[in-house]
Amino acid sequence: MLEVRGINVFIGESEVLSQISLEVKTGERVGIIGPNGHGKSVTLKTISGLFKPKKGEILFDGKDLIHLNPREIVEAGITLVPEGGHLFPEMTVFENLLLGAYTPEARHRKDQSLERVYSLFPKLKELHRQKCNALSGGELRMAAVARGLMTYPRLLMLDEPTLGLAPNLVEAIGQKLYELVKGQGKNHDPSGARELSIILADENIDLMADVADRAYFIEDGKIRLEGGTKDVLENEYVRKTYLGID
Amino acid sequence: MNQSVILRLNKVSRYFGSLAAVKEMSLEVFGGEIFGIAGPNGSGKTTLINTITHIVPSNSGEIYFREKAIHDLPTYSICHLGIARTFQNPELFGSMPVIDNMMLGAIYGMKHATGSEKIGHVKGILKSVGLEGRESTKAGSLVIGAKKRLMIAIALATHPQILILDEPCAGLTAIESKEIIALIGQLNRQGITIMVIEHNMKVLMNISNRVMIMDHGVKICEGTPDDVSKDPQVIEIYLGKKYIRRGTS
């Protein structure tokens, strides 16, 4: 579904991504781990069109995204839920969710999408008239993921969705992400939702182990390791340099 | 840890409109201990330390530092007495170098020290927090782990007796969190009393002498890390069942 081939990204004079290649198959949950400041968020932002690579290709269903702007990339089916959520604090939960459904296809399906996100996050239905500046940290993260789903995505990319959350909320978000993808293709979703893939970048290793089928370890802007999440997290180099386990 | 109370709160409340963010909170922190605070998002943890440092004043109740009432003192006076804090999100002067950010802390907190004493103090802290060699780096260009360490360094530059840390490990990788844990332990061994809010329970349970859990502005549990982590109410509202299955180590 998504093929990133050998992209190099510069910010100013600094090369922040070097020869990054990764792929996501339909219905997969893929994790990205690595030290802070080494390229995880830039990778997601580059796929979203917020940074443009100097070299390489980003193919989505075989179509090159490099020359598309972020809006066109969302329309193609790729949505980023950025770190911190970036909701509009003075607007209600409902208004923020509706803003997610801004592409023509998402607008057309907004009622089904609303039904889907309220079913996934019942708390948001209770809070739909509440302004986002009155939400707790966990509620904000849920609203941000829900707004991402309102874009009717095929690939949902989540940057640090559990940052600052209590342990039970991390568990709850992990469960929701798992449910979003589990069983797709076998049981057709009556809401008409498309089969979803997820890229998750998060520092919470327990969450990563629960949610991601495969993982990439990014260090110094390069993919150092890729494989099954369990294998990557148990790799001796990752354990020593990233997890701090001798 | 000695058994003398260094910080005491007596029925402290803080309301936002009709919402009690902190409600009749009483607690004691002992000199030299590491006192952990945890609780669900929105339970009032940050508001509690905002009232202690008078960033938001309490509506009622008393706060004593070494038996001196501080609840009516402005933030800078509380800092001068020896209480320093950090924030959840790094609050730094991004366009200024690391060393200048720290000097602001020293100038603010060590008002009776000479210039050379302040510089010597700051240079010593730079080494202990692992920022040696990065004096000239602009604070805004640091990665999150270094920003968190700089914020601790600025607080240390004020020469505190109590250091209050608000989620020092949020957003950090496991290895960066370990470095922060080691730093907190080192500061505590130097005699600084630590209050720390943290959601990373592996961190909190491994470093704290005592832990308090808050919910809806009130204390629901206080005790040793072992006791608190086995409390059924704490498991239900905060830790979740997976945490118990996975353990704290």
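Coordinates for the structure precede this section.
Residues numbered from 1 in each chain as written. Chains lettered and ligands numbered in written order. Predicted model: local features only at pLDDT ≥ 70, side-chain atom pairs only at ≥ 80, totals over all residues.

**Observations regarding the overall build of chain A**
On a plain count of helices and strands, chain A comes out with eleven helices and ten strands. Computed over its C-alpha atoms, the radius of gyration of chain A comes to 17 Å, within 12% of the 18 Å expected for a compact globule of 246 residues. For chain A, the C-alpha atoms occupy an extent of roughly 45 × 40 × 40 Å along the three principal directions. For chain A, the residues scored as buried account for 47% of the 246 residues in total. Residue pairs at least 24 apart in sequence account for 67% of intrachain contacts in chain A once pairs closer than 6 positions are excluded. (Helix = DSSP H or I, 4+ residues; strand = E, 2+ residues; numbered from the N terminus. Rg over C-alpha atoms; globule rule 2.2 N^0.38 Å. Buried ≥ 20, exposed ≤ 12 C-beta atoms within 10 Å, placed from the backbone. Contact = placed C-beta atoms within 7 Å.)

**Notes on the interface of chain B and chain A**
Listed per partner, the contact involves 24 residues of chain B and 21 residues of chain A. Put simply, the parts of the chain that give the side of chain B that touches chain A at least two residues each are α5 (144-157), α6 (174-189), α9 (232-239) and α10 (241-246) of chain B. Looking at the side of chain B that touches chain A element by element, the count peaks at four residues for α6 of chain B. Here the side of chain B that touches chain A is composed, by residue class, of eleven nonpolar, eight polar and five charged. (Nonpolar A, V, L, I, M, F, W, Y, C, P; charged D, E, K, R; others polar.)

**Looking at the sheet that holds strand β4 (residues 55-60) of chain A**
All names here are of chain A. Spatial ordering of the open sheet is given by β2-β1-β4-β5, a layout of four strands whose pairing is antiparallel. Looking at the sheet topology across the chains shown, the edges are occupied by β2 (14-24) and β5 (63-64). With seven bridges joining them, strand β1 (residues 2-11) and β2 adopt antiparallel strand pairing. The partner of Ile7 across the bridge, within β2, is Ile20. Contacts from helix α1 (residues 40-47) reach β1, β2 and β4, with the element oriented near 65° to β2. (Pairing = 2+ DSSP bridges. Axes fitted to C-alpha atoms, helices over the stretch in contact; angles between N-to-C directions.)

**Some points on helix α1 (residues 45-52) of chain B**
Residues and elements named next belong to chain B. With eight of eight residues buried, α1 is to be regarded as a mostly interior element. Burial in α1 covers these residues: Lys45, Thr46, Thr47, Leu48, Ile49, Asn50, Thr51 and Ile52. Phi turns positive one or two residues past the end of α1, at His54, with a value near 60°.

**A look at the environment of Gly164 of chain A**
Mapped onto the fold, Gly164 of chain A is located in the loop between β7 (155-159) and α8 (167-181). Excluding residues within four positions of it along the chain, Gly164 of chain A makes contact with Gly137 of chain A together with Gln88, Glu167, Ala170 and His199 of chain B.

**Details of the pairing of strand β7 (residues 162-166) of chain B**
Residues and elements named next belong to chain B. With five of five residues buried, β7 lies mostly within the body of the structure. The two faces of β7 match: Ile162, Ile164 and Asp166 on one face and Leu163 and Leu165 on the other face are all buried. Pairing geometry for strand β6 (residues 83-85) and β7, over three bridges, is parallel. In the strand pairing of β7, Ile83 is matched with Ile162. With respect to chirality, the unit in which β7 leads through α6 into the neighbouring parallel strand β8 (residues 193-197) is right-handed. (Right-handed = clockwise from strand over helix to strand, strands pointing away.)

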